[in-house]
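# Coordinates in review
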Amino acid sequence: MIELKGVGKTFKVARRGKGTLAALQSLFHRQYDLVRALDSVSFRVDEGEIVGYIGPNGAGKSTSIKVMSGILVPDEGDCEIMGFAPWKQRREYVRQIGVVFGQRTQLWWDVPIIDSFELLRDIYSVPQPEYARNLELLTQTMDLSAFLRTPLRQLSLGQRMRAEIAASLLHSPKLLFLDEPTIGLDAPSKLAVRQFIRQINAETKLTVLLTTHDMNDIDALTDRILLIGKGKILYDGAFSQIKQRSGQSAVEEVIAELYREYAL
Amino acid sequence: MIYFKYLRMVVKSMLQYRANLVLLTIGQLLSVAGYFAGIALLFARFGSLDGWSFGEVALCFGVVTAAWSLTECFARGFDVFQSTVRRGEFDRVLLRPRGTILQILGGNFEFTRLAKLLWAFAVLGVGVTQSGVEWSALRGLTLALMVLSGFLIFSGVFILGASVCFWTVEGLEFINIFTDGGRELAAYPLTIYTRWIRRFFTFILPFGCFNYLPLLYVTGRSANGLYALTPLFALAFLLPCLLMWRSGVRHYQSTGN
């Protein structure tokens, strides 16, 4: 399904000193730092898998999701997903995937959710019967019916995230990227989101790659984790093994220890 | 067509803020009214401008204003593209299986600018009746072509400006020299300007091609029918703009979270 081989990406970041003088100087003379966001990242994910992608802030999680979803072009390496090079055949490729950024919305702010859904149906050219089927299923499993006709801006964060995830599945993608889907959610909403991801994965063999800082997400959804730090894949394997090895009982402690071990 | 579905979405969103809509529209109406009144006063004092009568300048001004308001309304997405990139919203554009230009055009309309269009038509009406032009079908057609061509050329400039955002999102104010500055300049017949300005706005930024040159034909200053066709040059101008956009999209670096 997903295969990355030696993917690398370096960003040029403008360096700027403190104060007005430095700001003025930067107008004429720019200094750049090179930040190695991804450093020969390789892994593969099979169809129907759920993979937890973890690592501290700035480790390269979002950058790799952007590469895999075709937003960014990597500097080196190969990335093949469902037979596509994501950034080359962008339009054909993105039709097959769903992407949720927990901190950004893909829905229209001022109109009822259902209107956004219908525009998405048209953007993805989803045939009406398929759309109706998906909408029915998503409305039931995500419990959306109470607020389908409410504008996005009036929804709670939990309702919004459910609507976001539903929106990304209306066109029946085979692969779903979730970038921090539970960020800021209260406990019932978190449980609902997790329950839904499990259910949809079991029913449709949807492949899911999710990033999160909440290790309970991982615990509830999958045993396979990818640990990334400073742009490198540090660990690719079973979460249960790490738990056993550390002997800690609380998942947060396990992860904190893991980060310490790799000096992240 | 998907473009109109986008359009419907923007209208729906806008109707959520009715008072805002009304106030903005009134503001637009007043701004053009004041500006044109200024020109009318100048002519009341001086009679003509380098051999161009008030009615003829009204034609010039009307064409530019009509083209500009159409551009501000329909190509608004490129005008505000800097903030789209800053907020990282271009990511979402790339995630949808549609062309980037279509999505940027469809994502943003500023209907309040159509108030300006009404004014532009009123001014054009003044020009048509006061300029003393003997109207023929061909001359009328040329006038319509001028507005359309101006719309395409201004849109091209907006696209160029937006493309620069792919490389840097700082110091983009200089683009306004060409958009706002060019618009002000083109509101009068180019003949009143010095030679290098005329050349620049004919061959580099072809604003002259959609008003000054075809007006030579429309007002009967030149019998050469080729002048009536200069608005078509807009199509040639759009091509490099679109190429610039394409290479910009490839260069897109996104922003962190």
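Everything below is about the structure shown above.
Structure report, in brief. (Residues numbered from 1 in each chain as written. Chains lettered and ligands numbered in written order. Predicted model: local features only at pLDDT ≥ 70, side-chain atom pairs only at ≥ 80, totals over all residues. Heavy atoms only, no water.)

The subject of this paragraph is helix H1 (residues 2–14) of chain B. Each turn of an α-helix holds 3.6 residues, which means side chains three or four residues apart point in the same direction. Relative to the 18 Å expected for 13 residues at 1.5 Å per residue, H1 of chain B spans 19 Å between its end C-alpha atoms, a close match to the ideal helical length. Among the residues of H1 of chain B, Ile2, Tyr3, Tyr6, Leu7, Met9, Val10, Ser13 and Met14 of chain B are the ones counted as buried. End-on, the buried residues of H1 of chain B take up no more than an arc of 160 degrees, which puts them together on one face. Next to the buried residues of H1 of chain B lie helix H4 (113–123) of chain A together with helix H2 (18–46), helix H3 (54–74) and helix H7 (100–107) of chain B. (Helix = DSSP H or I, 4+ residues; strand = E, 2+ residues; numbered from the N terminus. Expected span 1.5 Å × (residues − 1). Buried < 20%, exposed > 50% of the residue type's maximum accessible area, 1.4 Å probe, protein only. Arc of directions from axis to C-beta. Contact = heavy atoms within 4.5 Å.)

All names here are of chain A. A positive phi angle, near 55 degrees, is found at Asp143, a position not held by glycine. Following the sequence through the fold, Asp143 ends up in the loop between helix H5 (128–141) and helix H6 (157–167). Residue Ser172 is not a glycine yet carries a positive backbone phi of 50 degrees. On the secondary structure map, Ser172 appears in the loop between H6 and strand S6 (175–179). When its relative accessible area of 35% is taken as the criterion, Ser172 is described as partly exposed.

Another point: the sheet that holds strand S2 (residues 31–45) of chain A. Residues and elements named next belong to chain A. Strand order in the open sheet formed by 3 strands is S2-S1-S4, with antiparallel pairing between adjacent strands. Single-partner strands in this sheet number two, and they are S2 and strand S4 (76–81). Between one strand axis and the next, the sheet turns by 30 degrees as a mean value, whatever way the strands run. Pairing analysis gives 5 bridges linking strand S1 (residues 2–15) to S4, with the strands arranged antiparallel. Bridge assignment links Leu4 to a residue of S4, and that residue is Cys79. (Pairing = 2+ DSSP bridges. Axes fitted to C-alpha atoms, helices over the stretch in contact; angles between N-to-C directions.)

Moving on, we get to the environment of Gly125 of chain B. Residues and elements named next belong to chain B. Looking at the secondary structure, you find Gly125 in helix H8 (residues 114–130). On the basis of relative accessibility, which here comes to 31%, the residue Gly125 falls in the partly exposed class. Remark: the alpha-carbon pair of Gly125 and Arg198, spanning 73 residues in sequence, is separated by 27 Å.

Turning next to the nonpolar core. Judged by nonpolar contacts, the single largest core of 99 residues is most densely connected at Ile2, Phe43 and Phe177 of chain A together with Phe90 and Trp245 of chain B. The element contributing the most residues to this core is H3 of chain B, with 11 residues. Apart from the residues within four sequence positions on either side, Trp245 of chain B is in contact with Phe78, Phe81, Phe90, Thr100, Ile101, Ile104, Ile159, Ala162, Ser163 and Phe166 of chain B. Within the second largest apolar cluster, 43 residues are counted, among which are Val100, Val126, Leu138 and Ile197 of chain A. (Core = buried A, V, L, I, M, F, W, Y, C linked by side-chain atoms within 4.5 Å.)

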